[in-house]
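One letter stands for each residue in the lines below.
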Amino acid sequence: MTGLVDDMLVLARLDQGRPLEQEPVDLQAIASDAVADARVVAPQREIKLTSSGTVVVNGDDTRLRQVLANLVRNAIVHTPAQTPIDVTLSSEDSIAKVSVADHGPGLSAEEIDRIFEPFYRADPSRSRDSGGAGLGLSIVSAVVTAHGGHVKVRETEGGGATFEVELPLAGT
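As the structure is a prediction and not an experimental result, all values here were calculated from the model. All residue numbers refer to position in the chain's written sequence, counted from 1. Two thresholds apply to this predicted model, a pLDDT of at least 70 for residue-level local features and 80 or more for giving and counting side-chain atom pairs, whereas whole-chain, interface and lining totals are computed over all residues. Only hydrogens and water are set aside when side-chain values are computed; all heavy atoms of the structure are taken into account.

Quick notes on the overall build of the protein
Put simply, the rule reads: Put simply, DSSP H or I for four residues or longer makes a helix, DSSP E for two residues or longer makes a strand, and each gets a number counted from the N terminus. Only protein chains enter the area calculation, which uses a 1.4 Å probe; residues under 20% of their type maximum are buried, those over 50% are exposed, and those in between are partly exposed. In this description, contact between two residues means that some pair of their heavy atoms is separated by no more than 4.5 Å. Calculation of accessible area relied on Shrake-Rupley with a 1.4 Å probe; when residues are assessed, cover is drawn exclusively from the protein chains displayed.
A count of helices and strands for the protein gives five helices and seven strands. Helices (α) and strands (β) of the protein occur, in sequence order from the N terminus, as α-β-α-β-β-α-β-β-α-α-β-β. Burial status across the protein gives 42% buried among its 172 residues. For the protein, long-range pairs separated by at least 24 residues make up 68% of all intrachain contacts whose partners lie at least 6 apart in sequence. About 9,000 Å² of surface is accessible on the protein, with carbon and sulfur atoms providing 50% of the total.

Following this line, the structure appears as structure tokens:
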């Protein structure tokens, strides 16, 4: 119950437009930590990080860690146990780009349209008891938007889902 309340408080604060911390944040460190944590939770999986090097944005370290953790956790939870997960970090034209791709069953067109809505669960058989209230991706969207960025989901080539986050680089 505490996790649900914490998630709802995060969303409420972001909806009210409360400012986030604004300090230089190294997305490569955050992505590395998210991948390392995921490898502990799912040691049977191939979880790979591909990075072009240090990518720094201005933002709230805690909230950006939550974004990556939620995306990687969703890939682990919503795909078969042996499904690889690819996390990619790059920058281009003053934009930081982070993607989390899985090679699982993917999402339907309706799920893609609704996936960032609060309390929406692509798998209706899941409950809070089995691992989610449907707030993780709405938090991802709210945090990314509060940082002046965008998040979207698309089909992974060959099957699966790829979540792509774009954030302004520090100093832009």
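Back to the text.
Thoughts on the pattern of salt bridges
Heads up, the rule is: In what follows, salt bridge is the name for a side-chain nitrogen of Lys or Arg lying within 4 Å of a carboxyl oxygen of Asp or Glu.
Using the criterion set out here, one finds eight salt bridges in the structure. Its salt-bridge partner being Glu-117, residue Arg-114 comes within 3.1 Å of it at the nearest N-O pair. Residue Glu-117 is classed as partly exposed on the basis of its relative accessible area of 32%. Residues joined by salt bridges that share partners form a network here, namely Asp-33, Asp-61 and Arg-65.

Some words on helix H5 (residues 136-146)
Most of H5 is tucked away: eight of the eleven residues are buried. For H5, every residue scored as buried is listed here: Leu-137, Ser-138, Ile-139, Val-140, Ser-141, Ala-142, Val-143 and Val-144. Looking at the residues trailing H5, positive phi occurs at Gly-148, about 80°.

Quick notes on the sheet that holds strand S7 (residues 161-168)
The test is simple: When DSSP finds two or more bridges between a pair of strands, those strands are recorded as paired. Working convention: axes come from line fits to C-alpha atoms, limited for helices to the stretch in contact. Angles between N-to-C directions cover 0 to 180 degrees.
Here five strands make up an open sheet; going across it, the order is S2-S4-S5-S7-S6 and the pairing mixed. Both outer strands of the open sheet, strand S2 (47-51) and strand S6 (150-155), are each paired with one neighbouring strand and no more. Pairwise comparison of adjacent strand axes, ignoring direction, gives a mean angle of 15° for this sheet. In the sheet, strand S5 (residues 95-102) pairs with S7 via seven bridges, with the strands oriented antiparallel. Across the sheet, residue Ala-96 finds its bridge partner in S7, namely Leu-167. Most of the contacts of helix H2 (residues 27-41) go to S2, to which it runs at about 170°, and overall it touches S2, strand S4 (85-92), S5 and S7.

Comments concerning the packing of aromatic side chains
As a reminder, the rule being used: When the centres of two rings from Phe, Tyr and Trp lie within 6.5 Å, Trp using its six-membered ring, the rings pair. Their planes under 30 degrees apart give stacked, over 60 give edge-to-face, and anything left gives tilted.
This model, assessed by the stated rule, comprises one aromatic pair. Taking the centre distance of 6.1 Å and the plane angle of 90° together, the rings of Phe-116 and Phe-163 count as edge-to-face. Of this pair, Phe-116 sits in the loop between helix H4 (109-114) and H5 while Phe-163 sits in strand S7, and the two are 47 residues apart along the sequence. With respect to burial, Phe-116 and Phe-163 carry one shared label: buried.

A look at the environment of Ser-141
Mapped onto the elements of the fold, Ser-141 is located in helix H5. Measuring from C-alpha to C-alpha, the distance between Ser-141 and Glu-117 comes to 8.9 Å, with 24 residues separating the pair along the chain. In contact with Ser-141, not counting residues within four places along its chain, are Phe-116 and Val-151.

Here we look at the side chain of Arg-45
The following threshold applies: Polar contacts here mean pairs of N or O atoms no more than 3.5 Å apart (in protein, one a potential hydrogen donor and the other a potential acceptor; neighbouring residues in sequence count only if both atoms are side-chain atoms).
Looking at where Arg-45 falls in the secondary structure, it is placed in the loop between H2 and S2. A polar side-chain atom of Arg-45 sits 3.2 Å from the main-chain carbonyl oxygen of Pro-80.

Looking at the side chain of Thr-162
Position of Thr-162 relative to the elements: it lies in strand S7. Using a relative accessible area of 2% as the deciding quantity, one classes Thr-162 as buried. Apart from residues no more than four positions distant in its own chain, Thr-162 is found in contact with Ser-99, Val-100, Ala-101, Lys-152, Val-153, Arg-154 and Thr-156.

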